[in-house]
Amino acid sequence: MAQRFQAPVEALSSLGVIGLLGLATVFGLTQWQSFQNYGKAKRFSVDKWDRYMMERDSRLTGNVNRQRCETEAPKAFSTNSAWPLEKPTIQ
């Protein structure tokens, strides 16, 4: 009589625990990123223009994920330049 293969049932419970912990980690990271972005999805494929706009939003609102709807910038924005100051060279 040939022996039949028996699946190791003890391993299935530990594999289930590992799978559940992996799913909990993915779900937790997704929720944390959504919380940090004020409910917006995570940004991907961010190019140079998007980075400039994120920098501008950061200077306007203090956060890269928030935007302003006012047509005029606040007074502090007039002296808050994104361009770094060039050091003068003495010749």
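Here is a short report on the structure shown in this document. What you are looking at is a predicted structure, and each value in this text was computed from that prediction instead of being measured.

1. Focus: the overall build of the chain
Counting secondary structure elements, the chain contains two helices and zero strands. Taking the contacts inside the chain whose residues are at least 6 apart along the sequence as the reference set, 23% of them involve residues at least 24 apart. Accessible area of the chain: about 8900 Å², with a carbon and sulfur share of 61%.

2. Side note on helix α1 (residues 9-36)
For α1, which comprises 28 residues, the first-to-last C-alpha distance of 41 Å matches the rise-based estimate of 40 Å (1.5 Å per residue) to within 8%. Immediately downstream of α1, the backbone of Tyr 38 shows phi near 55°, a positive value.

3. Notes on the packing of aromatic side chains
Under the counting rule described, the total for this entry stands at one aromatic pair. Ring plane angle 35° and centroid distance 5.5 Å describe the contact between Trp 32 and Phe 35, whose orientation is recorded as tilted. Of the two residues, Trp 32 and Phe 35 both sit in helix α1, three residues apart, roughly one turn of that helix. On the accessibility criterion, Phe 35 (58% relative accessible area) is exposed.

4. Looking at helix α2 (residues 48-61)
The end-to-end C-alpha distance of α2, which contains 14 residues, comes to 20 Å, matching closely the 20 Å that a straight helix rising 1.5 Å per residue would cover. Just past α2, the residue Gly 62 takes up positive phi, approximately 90°.

5. Describing the side chain of Asn 37
Examined against the element boundaries, Asn 37 turns out to sit in the loop between α1 and α2. Aside from chain neighbours lying at most four places away, what touches Asn 37 is Lys 42 and Asn 65.

6. Digging into unusual backbone geometry
Backbone phi values are negative for most residues with the exception of glycine, while trans is the configuration of most peptide bonds. Despite not being glycine, Tyr 38 shows a phi value in the positive range, around 55°. With respect to the helices and strands, the residue Tyr 38 is situated in the loop between α1 and α2. Phi is positive for Ser 45, close to 55°, though the residue is something other than glycine. Taking the relative accessible area as the measure of exposure, Ser 45 reaches 67% and is therefore exposed.

7. What to know about a nonpolar patch on the surface
Residues Val 9, Leu 12, Leu 15 and Ile 18 make up a contiguous nonpolar surface patch of roughly 430 Å² in combined accessible area. Relative to the helices and strands, Ile 18 resides in helix α1. Residue classification places Ile 18 among the exposed residues on the basis of a relative accessible area of 57%.

What counts, and at which threshold
Residues numbered from 1 in each chain as written. Predicted model: local features only at pLDDT ≥ 70, side-chain atom pairs only at ≥ 80, totals over all residues. Heavy atoms only, no water. Helix = DSSP H or I, 4+ residues; strand = E, 2+ residues; numbered from the N terminus. Contact = heavy atoms within 4.5 Å. Areas by Shrake-Rupley, 256 points an atom, 1.4 Å probe, with all protein chains shown as cover. Expected span 1.5 Å × (residues − 1). Phe/Tyr/Trp six-rings, centres within 6.5 Å; stacked < 30°, edge-to-face > 60°. Buried < 20%, exposed > 50% of the residue type's maximum accessible area, 1.4 Å probe, protein only. Patch = residues over 30% accessible without salt bridge, like charges linked within 9 Å, V, L, I, M, F, W, Y side chains within 5 Å. Salt bridge = Lys/Arg side-chain N within 4 Å of Asp/Glu carboxyl O.

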